[in-house]
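Survey of secondary and tertiary structure
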Amino acid sequence: MTQPRWLNPEEQRLWLAFLRMRRAIDVAIDGQLAEAGLSPADYDVLAPLSQSGEALRVRDLAAQIGWDRSRIAHQLRRMEQRGLVVRSGSTTDRRGTLVHLTDLGRTAITTAAPGHVETVRRVLFDQLDQHDLTHLTTIAERVADAAGLTGVSRTGPAPRAAAHEGRQGLEP
């Protein structure tokens, strides 16, 4: 059996700082979303639906946000009960299920998004200069890829739809 590769003091400092940073960001975002009446999981589902502008296959939505079938099914059931989304059978593939954003869901994401992006700016981007932003992006992408999360982000893929419509990322 190989010996563990223990962290040296510099690595330990970085690891603990990363955990503290991640928790601080999560607490700030969770609090802002709670004020808007949404959970982080709600936002994870609503943002890509809003950005796509159309119904998404449940399996594609799950893949986009990095969730397994069970988690997406339970979350969609809860959101459907609250009137934020509806599911329907695919007209082109009887095995597929589509998830649609309801008017209430669109209102919820549209209402939450300005506070969400302001919170993200305040706790993250306002703390970085352009050099930091470039390097942190490169590092984050490399670490996510190494962890097997290529193409998965909290709010979906790169803002292709948002950019296409002249919108900024994190906007509904």
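For clarity, every value in this text was computed on a predicted model and none was experimentally measured. All residue numbers refer to position in the chain's written sequence, counted from 1. Per-residue local features of the predicted model are confined to residues with pLDDT of at least 70, and side-chain atom pairs are confined, for both listing and counting, to 80 or more; whole-chain, interface and lining totals are unaffected and use all residues. The basis for every side-chain value is the complete set of non-hydrogen atoms in the structure, without hydrogens or water.

Attention shifts here to the pattern of salt bridges. The rule for a salt bridge is simple: a side-chain nitrogen of Lys or Arg has to be within 4 Å of a carboxyl oxygen of Asp or Glu. This model, assessed by the stated rule, comprises three salt bridges. Linking Asp42 and Arg82 is a salt bridge whose minimum nitrogen-to-oxygen distance equals 3.0 Å. Taken together, the positions of Asp42 in helix H2 (residues 40-52) and Arg82 in the loop between helix H4 (69-81) and strand E2 (85-89) put the pair 40 residues apart, joining distant regions of the chain. When the shortest N-O distance is used, the salt bridge between Asp60 and Arg59 registers 3.8 Å. Working definition: with a 1.4 Å probe on protein chains only, accessible area under 20% of the residue-type maximum means buried, over 50% means exposed, and in between means partly exposed. The exposure class of Asp60 is partly exposed, given its relative accessible area of 39%. Strands here mean DSSP runs of E at least two residues long; helices mean DSSP runs of H or I at least four residues long; both are numbered from the N terminus.

To obtain an axis, a line is fitted to C-alpha atoms, over the contacting stretch when the element is a helix, and the angle between two such axes runs from 0 to 180 degrees between their N-to-C directions. Orientation of H2 relative to H4, taken along the N-to-C sense of each, is 95°, at an axis distance of 11 Å. One way to sum up the angle between H2 and H4 is to call them roughly perpendicular. Between H2, through Ala41, Asp42, Val45 and Leu46, and H4, the contact on the second element is made entirely by Ile72, Gln75, Leu76 and Met79. Under this grouping Gly is polar, as are all residues other than the nonpolar Ala, Val, Leu, Ile, Met, Phe, Trp, Tyr, Cys and Pro and the charged Asp, Glu, Lys and Arg. A per-class count over the contact of H2 with H4 returns six nonpolar, one polar and one charged. Working rule for angles: under 35 degrees goes down as roughly parallel, over 145 as roughly antiparallel, 65 to 115 as roughly perpendicular, anything else as oblique. Contacts were defined at the residue level, with two residues in contact if any of their heavy atoms lie within 4.5 Å.

Tracing the backbone through its elements, the reader meets Thr102 in the loop between strand E3 (97-101) and helix H5 (103-123). We classify Thr102 as buried; its relative accessible area is 17%. Throughout this description, a polar contact denotes any pair of N or O atoms lying within 3.5 Å of each other; where both atoms belong to protein, one of them has to be capable of donating a hydrogen while the other can accept it, and for residues adjacent in sequence the pair is counted only when both atoms sit in side chains. Within the local environment of Thr102, its side chain forms a polar contact with the backbone oxygen of Leu84, the two atoms lying 2.9 Å apart. Residues contacting Thr102, with those up to four places away along its chain left out, are Gly83, Leu84, Val85 and Val86.

Looking now at the side chain of Gln32. Tracing the backbone shows Gln32 in helix H1 (residues 9-35). For Gln32, a relative accessible area of 10% gives the class buried. Polar side-chain contacts of Gln32 include one of 3.4 Å to the backbone nitrogen of His116. Discounting chain neighbours no more than four positions away, the residues touching Gln32 are Ala112, Gly115, His116 and Thr119.

Glancing now at a nonpolar patch on the surface. Grouping into patches uses exposed residues only, defined as over 30% relative accessible area, and leaves out salt-bridged ones; the cut-off is 9 Å for like charges and 5 Å for nonpolar side chains (Val, Leu, Ile, Met, Phe, Trp, Tyr). Residue burial considers only the protein chains on display, and all accessible areas are found by Shrake-Rupley using a 1.4 Å probe. A surface patch of nonpolar side chains, amounting to about 580 Å² of accessible area, comprises Leu7, Leu14, Trp15, Leu16, Phe18 and Met21. You can see Leu16 is positioned in helix H1.

Our focus in this paragraph is the sheet that holds strand E1 (residues 56-57). Two strands make a pair as long as DSSP finds a minimum of two bridges between them. With antiparallel pairing, the three strands of this open sheet are ordered in space as E1-E3-E2. A strand with exactly one partner marks an edge of an open sheet, and here the two such strands are E1 and E2. Of the strand pairs in this sheet, E1 and E3 are connected by two bridges, and their pairing is antiparallel. Counterpart to Leu56 in the pairing with E3 is Val99. In the packing of H2 onto the sheet, contacts are made with E1, E2 and E3, and the angle to E3 comes to roughly 85°.

Attention shifts here to the nonpolar core. Here, nonpolar core refers to any group of buried Ala, Val, Leu, Ile, Met, Phe, Trp, Tyr and Cys residues whose side-chain atoms link them within 4.5 Å. If you look at the biggest cluster of nonpolar residues, it comprises 28 residues, and the most contacted ones within it are Tyr43, Val45, Leu46, Leu49, Ile72 and Val99. Going through the elements one at a time, H1, H2, helix H3 (58-65), H4, E3 and H5 are the ones with two or more residues in this core. In terms of residues, this core owes the most to one element, H2, which gives six residues. Excluding residues within four positions of it along the chain, Leu46 makes contact with Leu38, Met79, Leu84, Val85, Leu101, Gly105, Ala108 and Ile109.

What follows concerns H4. When the terminal C-alpha atoms of H4 are compared, their 18 Å separation across 13 residues agrees well with the 18 Å that a helix rising 1.5 Å per residue should span. Residues of H4 that are buried include every one of Ile72, Gln75, Leu76 and Met79, and no others. With its buried residues spanning 100° around the axis, H4 presents them on a single face. Where H4 is buried, its residues contact H2, H3, E2 and E3. Expected helix span is computed as 1.5 Å times (number of residues minus one). The directions considered for the arc are those from the helix axis to the C-beta atoms.

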